[in-house]
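# Structural description and commentary
Chain residues, written in single-letter form:
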Amino acid sequence: MSRADVRGEPVEGSEATAPGTTVPGPGAVRNPSPLWSFGLLRSELLITFRRWRTLALLAVLAAVPILVGIAVKIETSDGSSLGGGGGGGEGPAFISQISNNGLFLVFTALAATLPFFLPMAIGVVAGDAIAGESSAGTLRYLLVAPAGRSRLLLTKYATVIAFCLAATLVVAVSALAVGALLFPVGDLITISGTRITYAEGLGRALLIALVVAASLVGVAALGVFVSTLTGSGIAAMATTVGLLITVQILDQIPQLDALQPYFFSHYWLSFADLMREPVYWDDLVKNLGLQALYAAVFGSAAWARFTTRDITA
């Protein structure tokens, strides 16, 4: 079944989609109903989450907590404690607590996947959002349907955001299941040394997963913007992942400490502050504000590029 068939759009050969035709701008497209817009979003979500590439990315993300949990179980099988549990509240501080409480595997898995695995997966999906349609020759048909360029771009971005949430929850749920199977669970000790109930720990784990998903909206906006610049899905994905790696490297260079607070990845691990008592909100608020800024800047840039671009494929 073709993409045009899935959405009920015109197929090639009709007068509106004759080969070589340039798709009209947003002013020439009639306004679709909200119900039609919901159908477009639903179709995008189904197509995205049914792709083998998407399923493979989610499977890799789900495997990370399993590997971490098994490694910790083997390391502590003789009753010894796991080393590397320094202070600071980031990933290593959580690793040393996994053998005592399996819920800490959720925090460790998110800390392990956030610097690279999660944003790389988001970069692949976001980079393919527009450029993938163009390289497949289906972008013109989508724009002939009563979507409008702005609405289509917003739908694509909403789909990428949905993938951000799904990918983060896959890591968290996988870690929660593995942690409960391999390690004891119960009340847990926060980074600050206070005790909270297991139910409250689950609530904080969910909140941390939501914060991690929100931390990826900047990468999502950047990827969608890059996707509007080229007609090659592979080039857009590679560029987005390359920019991600470059920013991560720059964020580790001490000489750039004046610029680092403006890098989208700088406050990613601030989610660990949700495991303090009381919660430290400063870096969390800075992180969410920075992600909103990146989403606004690159979202606007993507809209400006996409709404003025000649679409012939």
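Residues numbered from 1 in each chain as written. Predicted model: local features only at pLDDT ≥ 70, side-chain atom pairs only at ≥ 80, totals over all residues. Heavy atoms only, no water.

## Digging into the overall build of the protein
- Each helix and strand in the protein was counted, giving 12 helices and 2 strands.
- Along the chain direction, N to C, the helices and strands of the protein fall in the order α-α-α-α-α-α-α-α-β-β-α-α-α-α.
- Looking at the protein as a whole, 47% of its 313 residues are labelled buried.
- Sequence separation of 24 or more characterises 77% of the internal contacts of the protein that already satisfy a separation of 6 or more.
- For the protein, the exposed surface amounts to about 14,100 Å²; the carbon and sulfur share of it is 66%. (Helix = DSSP H or I, 4+ residues; strand = E, 2+ residues; numbered from the N terminus. Buried < 20%, exposed > 50% of the residue type's maximum accessible area, 1.4 Å probe, protein only. Contact = heavy atoms within 4.5 Å. Areas by Shrake-Rupley, 256 points an atom, 1.4 Å probe, with all protein chains shown as cover.)

## Examining the environment of Leu243
- Residue position: Leu243 is located in helix 11 (residues 233–250).
- Looking at Leu243, the relative accessible area reads 34%, which means it is partly exposed.
- Remark: the alpha-carbon pair of Leu243 and Gly123, spanning 120 residues in sequence, is separated by 9.5 Å.
- Apart from the residues lying within four places of it in its own chain, the contact partners of Leu243 are Leu222 and Val226.

## Quick look at the packing of aromatic side chains
- Counted by the stated rule, this structure contains 7 aromatic pairs.
- Taking the centre distance of 5.8 Å and the plane angle of 20° together, the rings of Tyr294 and Phe298 count as stacked. In this pair, Tyr294 and Phe298 both sit in helix 12 (residues 282–308), 4 residues apart, roughly one turn of the helix. (Phe/Tyr/Trp six-rings, centres within 6.5 Å; stacked < 30°, edge-to-face > 60°.)

## Quick look at unusual backbone geometry
- Residue Glu277 is joined to Pro278 through a cis peptide bond whose omega torsion reads 0°.
- Residue position: Pro278 is located in the loop between helix 11 and helix 12.

## Focus on the nonpolar core
- Grouped together as the largest cluster of nonpolar side chains are 74 residues, with contacts concentrated most on Phe107 and Phe271.
- Element by element, the count of residues in this core is highest for helix 8 (residues 149–182), at 11 residues.
- Those residues in contact with Phe271 that lie beyond four places of it in its chain are Phe94, Phe107, Leu110, Ala111, Leu114, Ile208, Val211, Val212 and Leu284. (Core = buried A, V, L, I, M, F, W, Y, C linked by side-chain atoms within 4.5 Å.)

## Overview of the packing of helix 5 (residues 104–113) against helix 8
- Their axes nearest at 8 Å, the elements helix 5 and helix 8 cross at an angle of 140°. Relative to helix 8, helix 5 is oriented oblique. As for the relative orientation of helix 5 and helix 8, their crossing is right-handed in sense. Here Leu105, Val106, Ala109, Leu110 and Thr113 of helix 5 lie close against helix 8, whose contacting residues are Thr168, Val171, Ala172, Ala175, Leu176, Val178 and Gly179.
- Looking at the contact of helix 5 with helix 8, its residues break down into 9 nonpolar, 3 polar and no charged. (Axes fitted to C-alpha atoms, helices over the stretch in contact; angles between N-to-C directions. Parallel < 35°, antiparallel > 145°, perpendicular 65-115°, else oblique. Left-handed = near helix turned anticlockwise from the far one by under 90°. Nonpolar A, V, L, I, M, F, W, Y, C, P; charged D, E, K, R; others polar.)

## Thoughts on helix 5
- Most of helix 5 is tucked away: 9 of the 10 residues are buried.
- Those residues of helix 5 not exposed but buried are Phe104, Leu105, Val106, Phe107, Thr108, Ala109, Leu110, Ala111 and Thr113.

## With respect to the confidence of the model for the protein
- This prediction gives the protein a mean pLDDT of 82; 80% of its residues lie at or above 70.
- The weakest mean pLDDT in the protein belongs to helix 1 (residues 3–7) at 45; the strongest belongs to helix 10 (residues 217–227) at 94.
- Across residues 4–24, confidence stays below pLDDT 50; counting only partners more than four residues off in sequence or on other chains, it has 43 contacts.
- Low pLDDT, under 50, characterises residues 84–92; the stretch is placed with 14 contacts to residues that sit more than four places away or in other chains. (pLDDT = per-residue confidence, 0-100.)

## Considering the packing of helix 10 against helix 12
- Following both chains from N to C, one finds helix 10 and helix 12 inclined at 15°, their axes separated by 8 Å at the closest point. Relative to helix 12, the element helix 10 is oriented roughly parallel. Relative to helix 12, the crossing made by helix 10 is left-handed. When helix 10 is examined against helix 12, the residues Val217, Gly218, Ala221, Leu222, Val224 and Phe225 are found in contact with a partner set consisting of Gln291, Tyr294, Ala295, Phe298, Gly299, Ala301 and Ala302.
- Split into classes, the residues belonging to the contact of helix 10 with helix 12 amount to 10 nonpolar, 3 polar and no charged.

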